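Structural characterization, general
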Amino acid sequence: MSLPVPAPARFLAAAEPGTRVVVRYRIEGGFTDALGHLLECDAGSCTVRTRRSDVVISLEHVVAAKEVPPAPPRRQAAH
């Protein structure tokens, strides 16, 4: 008998690539978040493109995931 797939992993597997998401996952010593666009998701991991880099997250470490609205426009730098 296989274990049920956790809801966050099901959400990521069903989400369209390009969807803006936030993913909370376990790291050594606690949790962290990846905020960005979902690039891909397979049976073992998902990849989120953040502002800094592409983050590959093992689905077994994901504790929460949801779609988020588009980022607000960046402010103009003061001169």
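In this report, the structure presented in the accompanying data block is examined.

1. A word on the side chain of T50
- On the secondary structure map, T50 appears in the loop between β3 (45-49) and β4 (54-58).
- In this structure the side chain of T50 is engaged in a polar contact, spanning 2.8 Å, whose partner is the backbone oxygen of S53.
- Those residues in contact with T50, other than ones at most four positions away along the chain, are A34, L35, G36 and V55.

2. Topic: helix α1 (residues 7-14)
- Among the residues of α1, those classed as buried are P8, A9 and L12. Along the axis of α1, the buried residues cluster in a sector spanning 100 degrees; they form a single face. Residues of α1 that are exposed and angled more than 90 degrees away from the buried face: A13 and A14.
- In this structure, the buried side of α1 is in contact with β1 (20-27), β2 (30-41), β3 and β5 (62-67).

3. What to know about the pairing of β2
- Pairing geometry for β1 and β2, over eight bridges, is antiparallel. Counterpart to V21 in the pairing with β2 is G36.
- Between β1 and the antiparallel strand that follows it, β2, lie two residues; G29 among them carries a positive phi value of about 90 degrees.
- Where β2 and β3 come together, four bridges link them in antiparallel fashion. Along β3, the bridge assignment pairs L38 with V48.

4. Focus on the nonpolar core
- Counting residues in hydrophobic clusters, the biggest one holds 15 residues, and the most contacted among them are L12, V23, V48, I57 and V62.
- Only α1, β1, β2, β3, β4 and β5 provide two or more residues apiece to this core.
- Leaving out residues up to four positions away in the same chain, L12 has contacts with V23, L38, C41, C46, L59, V62 and A65.

5. Some thoughts on the sheet that holds β1
- Strand order in this open sheet of five strands is β4-β3-β2-β1-β5, and the pairing throughout is antiparallel. Since the sheet does not close on itself, it has two edges, and those belong to β4 and β5, each with one partner. Direction aside, the axes of adjacent strands within the sheet are offset by 40 degrees on average.
- Contacting β1, β2, β3 and β5, α1 runs over the sheet at an angle of about 45 degrees to β5.

Procedures and definitions
- Residues numbered from 1 in each chain as written.
- Predicted model: local features only at pLDDT ≥ 70, side-chain atom pairs only at ≥ 80, totals over all residues.
- Heavy atoms only, no water.
- Helix = DSSP H or I, 4+ residues; strand = E, 2+ residues; numbered from the N terminus.
- Polar contact = N/O pair within 3.5 Å; in protein donor to acceptor, adjacent residues only side chain to side chain.
- Contact = heavy atoms within 4.5 Å.
- Buried < 20%, exposed > 50% of the residue type's maximum accessible area, 1.4 Å probe, protein only.
- Arc of directions from axis to C-beta.
- Pairing = 2+ DSSP bridges.
- Core = buried A, V, L, I, M, F, W, Y, C linked by side-chain atoms within 4.5 Å.
- Axes fitted to C-alpha atoms, helices over the stretch in contact; angles between N-to-C directions.

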